[in-house]
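Each chain, written out:
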There are 2 protein chains.
Amino acid sequence: MRMTDNVVQYILSLLEAEHGSAEFRRNELAETMGCVPSQISYVISSRFTPEQGYLVESRRGGGGYIRITRVQRDAPTLLMHLVNSIGESLDRTTAGVILSNLAERKILSVRDAKLMATAVSDQALSAAAPDIRDNLRAGILKNLLMAAYSAT
Amino acid sequence: MRMTDNVVQYILSLLEAEHGSAEFRRNELAETMGCVPSQISYVISSRFTPEQGYLVESRRGGGGYIRITRVQRDAPTLLMHLVNSIGESLDRTTAGVILSNLAERKILSVRDAKLMATAVSDQALSAAAPDIRDNLRAGILKNLLMAAYSAT
DNA sequence: TAAAATGATAGTCAAACAAAGTCAAAAAGG
DNA sequence: CCTTTTTGACTTTGTTTGACTATCATTTTA
């Protein structure tokens, strides 16, 4: 398993245990996970972004910390924000992060998330030239999320 | 015996051992089979297609993998016939007919059918030039049908 | 006491690494 | 011939690492 996934899991468990808010020291977490500190930064910047519904605050220097807070919004609002944040292009990694996050937060069923992931996969889009796949992904996923919301 | 057939056999045995889903690293498998990595890609693209009842997922980069999932053993034969009849191109009218038919016959839930219809709609595919949309529809729908009935 | 030094943090960025994907040419079958 | 298979060079994607920078609180110094 990737270090990235381990760190994600660990942070999610912290969020779970503390009802939506996790605070830690970057170096300490890196130590317990057995990775370099910048890996923590990588995980946060790729997996706990505002688009994913997380607020990240931090402070450097002595007594520094990183705090991640799950933004509390009802499902429709969260979906709307998400759809608006997607724009014209969506790479597959981000698509995957979005969908697993929605499933994790129980905004989508695991089944819906899997179907959507399939719909935006490279396999499904193989008929399109690689350089427009990200545009297709954006269009497809936005439509799917809207559909999932309105068909609830 | 051809290398291709050896690789097919090996993957089939993995699928058997793991009840319908096999995950491996392309390079590793190539190593154990004694072939170049791209041969694995060739085998997958020619022998583990949706037409043959398989769904393929993959990831690049560190910790990358290829995962092949077989369709459920009790998947409706109609579904498989359908996937085979689709070919390289599927116009939106036919897609609509197919999906409402599947829902009608209760092979798909109404929700799944609606999501799939959204995924192959012109709206969702607006980023693609009109002349390739039918090709995209074919690829997307075939993959979605496999996903809806994939083992595990 | 104000300024400077110190040490404890987190942030940034690019390079190194670890995969899988693509494509076209060569080889092998039929 | 024509199709399928085999091969390998090259591309793209995603992760990991580490050197360097920025910031903040505390302690020392002038």
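Residues numbered from 1 in each chain as written. Chains lettered and ligands numbered in written order. Predicted model: local features only at pLDDT ≥ 70, side-chain atom pairs only at ≥ 80, totals over all residues. Heavy atoms only, no water.

**Brief notes about the overall build of chain A**
Right, on to step 1. Helix and strand counts for chain A come out as 7 helices and 3 strands.
Right, on to step 2. Reading chain A from its N end, one meets helices and strands in the order α-β-α-α-β-β-α-α-α-α.
Right, on to step 3. On C-alpha atoms alone, chain A measures out to a radius of gyration of 17 Å, which is about the 15 Å that the 2.2 N^0.38 rule sets for 152 residues.
Right, on to step 4. The principal-axis extents of the C-alpha atoms in chain A amount to approximately 50 × 35 × 25 Å.
Right, on to step 5. Each of the 152 residues in chain A was classed as buried or not, and the buried ones make up 47%.
Right, on to step 6. Counted over contacts in chain A with a minimum sequence separation of 6, partners at least 24 positions apart contribute 59%. (Helix = DSSP H or I, 4+ residues; strand = E, 2+ residues; numbered from the N terminus. Rg over C-alpha atoms; globule rule 2.2 N^0.38 Å. Buried < 20%, exposed > 50% of the residue type's maximum accessible area, 1.4 Å probe, protein only. Contact = heavy atoms within 4.5 Å.)

**Here's the deal with the packing of aromatic side chains**
Residue and element names in this part refer to chain A.
Right, on to step 1. Under the counting rule described, the total for this entry stands at 2 aromatic pairs over all chains.
Right, on to step 2. Between Phe48 and Tyr54, the aromatic rings sit 4.9 Å apart at their centres with planes inclined by 70°, giving edge-to-face as the arrangement. Note on accessibility: Phe48 and Tyr54 belong to one class, buried.
Right, on to step 3. Residue placement shows Arg105 over the ring face of Tyr54; its charged tip is 5.5 Å from the ring centre. (Phe/Tyr/Trp six-rings, centres within 6.5 Å; stacked < 30°, edge-to-face > 60°. Lys NZ or Arg CZ within 6 Å of the ring centre and 35° of its normal.)

**Looking at the protein's contact with DNA strand D**
Right, on to step 1. Taken together, 26 residues lie around DNA strand D, and A:Tyr42, B:Thr4, B:Gln39, B:Tyr42 and B:Arg47 are the ones closest in.
Right, on to step 2. A distance of 2.5 Å is found between a phosphate oxygen of DNA strand D and a side-chain nitrogen or oxygen belonging to A:Thr93.
Right, on to step 3. Taking B:Arg60, its side chain carries an N or O atom lying 2.8 Å from a base oxygen of DNA strand D.
Right, on to step 4. Put simply, the parts of the chain that give the surface near DNA strand D at least two residues each are α1 (3-17), α3 (37-47) and α5 (92-104) of chain A together with α1 (3-17) and α3 (37-47) of chain B. (Near = heavy atom within 4 Å. Polar contact = N/O pair within 3.5 Å; in protein donor to acceptor, adjacent residues only side chain to side chain.)

**Section: the interface of chain B and chain A**
Interface size, as often reported, equals the accessible area lost upon joining of the parts.
Right, on to step 1. Taken together, the 29 residues of chain B in the interface contact 25 residues of chain A.
Right, on to step 2. Here chain B meets chain A over a buried area of about 2,300 Å², counting both sides, of which 59% is carbon and sulfur.
Right, on to step 3. Across the contact surface, chain B and chain A share 2 salt bridges.
Right, on to step 4. Residues A:Asp112 and B:Arg111 are paired through a salt bridge, measuring 2.6 Å at the closest nitrogen-oxygen approach.
Right, on to step 5. Inspection of the region where chain B meets chain A yields 5 residue pairs in polar contact (both at pLDDT 80 or more).
Right, on to step 6. Those elements that place two or more of their residues in the side of chain B that touches chain A are β2 (54-59), α6 (110-119) and α7 (130-148) of chain B.
Right, on to step 7. Element by element, the count of residues in the side of chain B that touches chain A is highest for α7(B), at 9 residues.
Right, on to step 8. Looking at the side of chain B that touches chain A residue by residue, the class counts come to 16 nonpolar, 8 polar and 5 charged. (Buried area = accessible area lost by both parts, 1.4 Å probe. Salt bridge = Lys/Arg side-chain N within 4 Å of Asp/Glu carboxyl O. Nonpolar A, V, L, I, M, F, W, Y, C, P; charged D, E, K, R; others polar.)

**Here's the deal with the environment of B:Ile44**
All names here are of chain B.
Right, on to step 1. Relative to the helices and strands, Ile44 is located in helix α3.
Right, on to step 2. Taking C-alpha positions, Ile44 is 20 Å from Arg73, a pair spaced 29 residues apart along the chain.
Right, on to step 3. Apart from the residues lying within four places of it in its own chain, the contact partners of Ile44 are Phe24, Thr49, Val56, Ile66 and Ile68.

**Digging into unusual backbone geometry**
Right, on to step 1. Positive phi outside glycine occurs at A:His19, with the angle close to 55°.
Right, on to step 2. Structurally, the position occupied by A:His19 is in the loop between α1 and β1 (21-24).
Right, on to step 3. The class of A:His19 is exposed, set by a relative accessible area of 74%.
Right, on to step 4. With a phi angle near 65°, B:Thr152 is a residue other than glycine that sits in the positive phi range.
Right, on to step 5. Mapped onto the secondary structure, B:Thr152 falls in the segment after α7.

**Examining the pairing of strand β3 (residues 65-70) of chain B**
Residues and elements named next belong to chain B.
Right, on to step 1. For β3, a buried count of 5 out of 6 residues is recorded, marking the element as mostly surrounded by other parts of the structure.
Right, on to step 2. Bridging between β2 and β3 involves 6 bridges; their strand directions are antiparallel. Its bridge partner lying in β3, Val56 is registered against Ile68. (Pairing = 2+ DSSP bridges.)

**Re the protein's contact with DNA strand C**
Right, on to step 1. Looking at DNA strand C, there are 29 residues lining it, with A:Arg25, A:Arg26, B:Arg25, B:Arg26 and B:Ser58 nearest.
Right, on to step 2. In DNA strand C, atoms within 4 Å of the protein come from the sugar-phosphate backbone in 66% of cases.
Right, on to step 3. Take B:Arg25: an N or O atom from its side chain is 2.2 Å from a phosphate oxygen of DNA strand C.
Right, on to step 4. B:Arg60 is positioned with one of its side-chain polar atoms (N or O) 3.0 Å from a sugar or linking oxygen of DNA strand C.
Right, on to step 5. Looking at the surface near DNA strand C, the elements with two or more residues in it are α2 (26-33), α3, β2 (54-59) and β3 (65-70) of chain A together with α2 (26-33), α3, β2 and β3 of chain B.
Right, on to step 6. Partitioning the surface near DNA strand C into residue classes produces 4 nonpolar, 16 polar and 9 charged.

**Observations regarding the domain arrangement of chain A**
All names here are of chain A.
Right, on to step 1. The domains assigned to chain A are domain 1 (3-70) and domain 2 (75-151).
Right, on to step 2. Distance between the C-alpha centres of domain 1 and domain 2: 24 Å.
Right, on to step 3. Between domain 1 and domain 2, the contact holds 8 residues from the first and 8 residues from the second.
Right, on to step 4. Between domain 1 and domain 2, the buried area comes to about 730 Å², and carbon and sulfur atoms account for 46% of it.
Right, on to step 5. Taken as a group, Glu51, Gln52 and Arg70 account for 62% of the area that domain 1 buries against domain 2, more than any other trio of residues on that side.
Right, on to step 6. In this assembly, domain 1 and domain 2 are joined by 1 salt bridge.
Right, on to step 7. Its salt-bridge partner being Arg70, residue Glu104 comes within 3.4 Å of it at the nearest N-O pair.
Right, on to step 8. Counting across the domain 1 and domain 2 interface gives 5 residue pairs in polar contact (both at pLDDT 80 or more). (Domains from an automatic or database assignment.)

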